[in-house]
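Coordinates in review
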Amino acid sequence: MAKRVGERIIFKTKFFTIKDIDIQFENKKATYQILEKRDSALIVPINSKNELVLIKEFFFAIDEYQLGLPKGSIDEGYDELETAAKELQEEVGFKAERLDKLGEVTLSPGYSTQKTYLFLARGLSASKLTGDEEEVLEVSTYPFNKFEDLITQGKITDARMIAALYLAKKFLEKKSK
């Protein structure tokens, strides 16, 4: 049975911490590096016309604009549901009558601690909160039943968003039966 027996901070920023962690196995001790990052909430907003509400934003790590879904880190004092409700209002200017939890995903559990909680937002009404975005986000809509086209065209490549879209599709298919 593996057990964490030690850890040391290697590097820290306002967004993440890199650590060495010592793991004791049955017959051996090993050191690994991990990336600690706050958990996040990601929302699939669908309006009354069955359209996705999307954001065109700049993803600085890959140096390009892409379409995305509202999302944000879970700040201290908030839980994932409160964060989802807040980010929806900050990033796309809507409040949801219903926020259904679709699940949670990890991006790379071999070295990253971050979990992303996925939600489906329905019953949208206008409600804008001031957010912490550096750029002005461009909001658009797209037919939900055609979201796979955006993936095929490379307009959405974030694996968390792709997982959320398919989980939302599955959730809605179950509800319609």
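As shown above, the structure is provided for reference.
Residues numbered from 1 in each chain as written. Predicted model: local features only at pLDDT ≥ 70, side-chain atom pairs only at ≥ 80, totals over all residues. Heavy atoms only, no water.

1. Considering the packing of aromatic side chains
For clarity, the cut-off: Stacked, edge-to-face and tilted are the three classes for Phe, Tyr and Trp ring pairs, Trp counted by its six-membered ring, which pair at centre distances within 6.5 Å; planes under 30 degrees apart are stacked, over 60 edge-to-face, the rest tilted. Burial classes follow relative accessibility: with a 1.4 Å probe on protein chains only, a residue under 20% of its type's maximum area counts as buried, one over 50% as exposed, and anything between as partly exposed.
This model, assessed by the stated rule, comprises three aromatic pairs. Here the aromatic rings of phenylalanine 144 and phenylalanine 147 are separated by 5.3 Å at their centres, their planes lie at 35 degrees, and the arrangement is tilted. Side by side, phenylalanine 144 and phenylalanine 147 carry an identical accessibility label, which is buried. The interplanar angle of 75 degrees and the centroid separation of 5.1 Å between the aromatic rings of phenylalanine 147 and tyrosine 166 together place this pair among those described as edge-to-face.

2. A closer look at helix 3 (residues 159-176)
Put simply, the test is: Under the DSSP-based scheme used, a helix requires at least four consecutive residues in state H or I and a strand at least two consecutive residues in state E, with every element numbered from the N terminus. The span one expects for a helix is its residue count, reduced by one, times 1.5 Å. Directions are taken from the helix axis to each C-beta atom, and the arc is the one they span. Any pair of nitrogen or oxygen atoms within 3.5 Å is treated as a polar contact; in protein, a donor-acceptor pairing is required on top of that, and neighbouring residues in sequence qualify only through side-chain atoms on both sides.
When the terminal C-alpha atoms of helix 3 are compared, their 26 Å separation across 18 residues agrees well with the 26 Å that a helix rising 1.5 Å per residue should span. Listed in full, the buried residues belonging to helix 3 are Arg160, Met161, Ala164, Leu165, Ala168 and Phe171. When helix 3 is viewed along its axis, its buried side chains cluster within an angular range of 135 degrees and face the same direction. The distance from a side-chain oxygen at the start of helix 3 to the backbone nitrogen of arginine 160 is 2.8 Å, and the residue carrying that oxygen is aspartate 158.

3. Regarding the pattern of salt bridges
How we decide: Put simply, a salt bridge is a Lys or Arg side-chain nitrogen that is within 4 Å of an Asp or Glu carboxyl oxygen.
What the rule picks out here adds up to 15 salt bridges. Taking the shortest distance from any N to any O, the salt bridge between glutamate 90 and lysine 86 comes out at 3.8 Å. On the criterion of helical spacing, the pair formed by glutamate 90 and lysine 86 is a turn pair, its members being four residues apart in helix 1 (residues 80-92). With respect to burial, glutamate 90 and lysine 86 carry one shared label: buried. Linking glutamate 148 and lysine 169 is a salt bridge whose minimum nitrogen-to-oxygen distance equals 3.9 Å. Here the residue glutamate 148 occupies a position in helix 2 (residues 147-152), and lysine 169 occupies one in helix 3, the gap between them amounting to 21 residues. What makes lysine 169 partly exposed here is its relative accessible area of 27%. Sharing partners across several salt bridges, the network here consists of Arg38, Asp75, Lys86, Glu87 and Glu90.

4. Thoughts on the pairing of strand 4 (residues 40-45)
For clarity, the cut-off: By the convention used here, strands pair only if DSSP detects at least 2 bridges between them.
Counting buried positions along strand 4 gives six out of six residues, so the element sits mostly inside the fold. Taking every second residue as pointing to the same face, both faces of strand 4 are buried, with Ser40, Leu42 and Val44 on one and Ala41, Ile43 and Pro45 on the other. Sheet analysis places strand 4 next to strand 7 (residues 71-73), joined by three bridges and oriented antiparallel. Directly across from alanine 41, in strand 7, lies its bridge partner glycine 72.

5. Section: the sheet that holds strand 10 (residues 138-143)
Where we set the bar: Here an axis means a line fitted to C-alpha atoms, over the contact stretch when the element is a helix, while the angle between two N-to-C directions is reported on a 0 to 180 degree scale.
Read across the sheet, three strands follow the order 6-5-10 without closing on themselves; strand pairing throughout is antiparallel. Edge positions in the open sheet fall to strand 6 (64-68) and strand 10, since each of these has one partner strand only. Taken pair by pair, the neighbouring strands of this sheet meet at an average axis angle of 30 degrees, ignoring direction. Here strand 5 (residues 51-59) pairs with strand 6 via five bridges, running antiparallel.

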